[in-house]
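Chains, contacts and geometry: an overview
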Amino acid sequence: MNDEILDIASDNQAPMRSGFVALIGAPNAGKSTLLNRLVGAKVSIVTHKVQTTRSIIRGILTSGRSQVVFLDTPGIFKPRRRLDRAMVTSAWGGAREADVVALLIDVGRGLTGDAERIVEQLAGFKGRIVLLLNKVDTVPAEKLLALSAEINEKVEFEATFMLSALKGSGCDDFAKWLEAEMPVGHWFYPEDQL
């Protein structure tokens, strides 16, 4: 750890916190858009084309006494080729290594197909998991509440957030929650790194 980071720790009474958060979900659930929104810069490619993110991309949010390292994982889907299997394996590997796993669900698509398979796999997951219902500005509130209840019956999530990664609503609440929930420890990266 460099001296600059250690000096920051002695300047304030609150402990330094740092940890990893894996963003997982079906292709085009909004993981890369959310990452870019949270770190305040374009660090991950965003496109409507599926499987654009083929390996884990890191984005760093440093705020106050906390540093959150986001792992933007490839979309999880039913693999058909060797490259597909490698991307899905990479995504689940990122989830196993993270302090918190954040499952993004596109509320317009709901709990179908790939999203349903991911939820089934998370049912036995041993670790901290939060649910992010994304694109909430596209569906009525009653649909959101029903979808939230349905997914929370299947997996024990630590928290559920309703947000729009594209428009930013709910993203600050999620970021503040993470900042407080990261393990106590020194930062992994310099303060100005994204």
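1. A closer look at unusual backbone geometry
Across the chain, the bulk of peptide bonds are trans and the bulk of non-glycine residues have phi less than zero. Positive phi outside glycine occurs at Asn 28, with the angle close to 65°. Backbone geometry at Lys 135 places phi at a positive 70°, although glycine is not the residue there. Structurally, Lys 135 can be placed in the loop between β5 (128–134) and α5 (141–154).

2. Topic: a negative patch on the surface
Together, Glu 116, Glu 120, Glu 150 and Glu 153 line one region of the surface with negative charge. Among the secondary structure elements, those contributing two or more residues to the negative patch are α4 (113–122) and α5. Position of Glu 150 among the secondary structure elements: in helix α5. Under the relative-accessibility criterion, Glu 150 is labelled partly exposed at 35%.

3. Notes on the packing of helix α2 (residues 31–39) against helix α6 (residues 171–181)
Relative to each other, α2 and α6 sit at 75°, their axes nearing to 10 Å. Comparing their axes, α6 and α2 come out roughly perpendicular. Here α2 contributes Leu 34, Arg 37 and Leu 38 to the contact with α6, which in turn contributes Cys 171, Phe 174 and Ala 175. Here the residues of the contact of α2 with α6 sort into 5 nonpolar, no polar and 1 charged.

4. Focus: the nonpolar core
Within the largest apolar cluster, 28 residues are counted, with the highest numbers of intra-cluster contacts made by Leu 103, Ile 105, Leu 133 and Ile 151. Among the secondary structure elements, those contributing two or more residues to this core are β1 (17–25), β3 (66–72), β4 (100–106), α4, β5 and α5. With 4 residues, the single largest contributor to this core is α4. When sequence neighbours within four positions are dropped, the list of residues in contact with Leu 103 reads Ile 24, Gly 25, Ile 118, Val 119, Leu 122, Val 130, Leu 131, Leu 132 and Phe 157.

5. Notes on the sheet that holds β5
One open sheet holds the 6 strands; their spatial order is β2-β3-β1-β4-β5-β6, and the pairing between them is mixed. Strands with a single pairing partner mark the edges of an open sheet, and in this sheet they are β2 (57–63) and β6 (159–163). Geometrically, the sheet is characterised by an average inter-axis angle of 25° between neighbouring strands, direction not taken into account. When β5 meets β6, the two strands line up parallel, connected through 5 bridges. Residue Leu 133 lies in a different strand from β6, and its bridge partner there is Met 162.

6. A short note on the confidence of the model for the chain
Per-residue confidence for the chain gives a mean pLDDT of 82, with 75% of residues at or over 70. Segment residues 1–11 is flagged for pLDDT under 50; beyond a separation of four residues in sequence, or across chains, it makes 15 contacts in the model.

Reading guide: rules and limits
Residues numbered from 1 in each chain as written. Predicted model: local features only at pLDDT ≥ 70, side-chain atom pairs only at ≥ 80, totals over all residues. Heavy atoms only, no water. Helix = DSSP H or I, 4+ residues; strand = E, 2+ residues; numbered from the N terminus. Patch = residues over 30% accessible without salt bridge, like charges linked within 9 Å, V, L, I, M, F, W, Y side chains within 5 Å. Areas by Shrake-Rupley, 256 points an atom, 1.4 Å probe, with all protein chains shown as cover. Salt bridge = Lys/Arg side-chain N within 4 Å of Asp/Glu carboxyl O. Lys, Arg positive; Asp, Glu negative; His and termini not counted. Charge placed at Lys NZ, Arg CZ, Asp CG, Glu CD. Buried < 20%, exposed > 50% of the residue type's maximum accessible area, 1.4 Å probe, protein only. Axes fitted to C-alpha atoms, helices over the stretch in contact; angles between N-to-C directions. Parallel < 35°, antiparallel > 145°, perpendicular 65-115°, else oblique. Contact = heavy atoms within 4.5 Å. Nonpolar A, V, L, I, M, F, W, Y, C, P; charged D, E, K, R; others polar. Core = buried A, V, L, I, M, F, W, Y, C linked by side-chain atoms within 4.5 Å. Pairing = 2+ DSSP bridges. pLDDT = per-residue confidence, 0-100.

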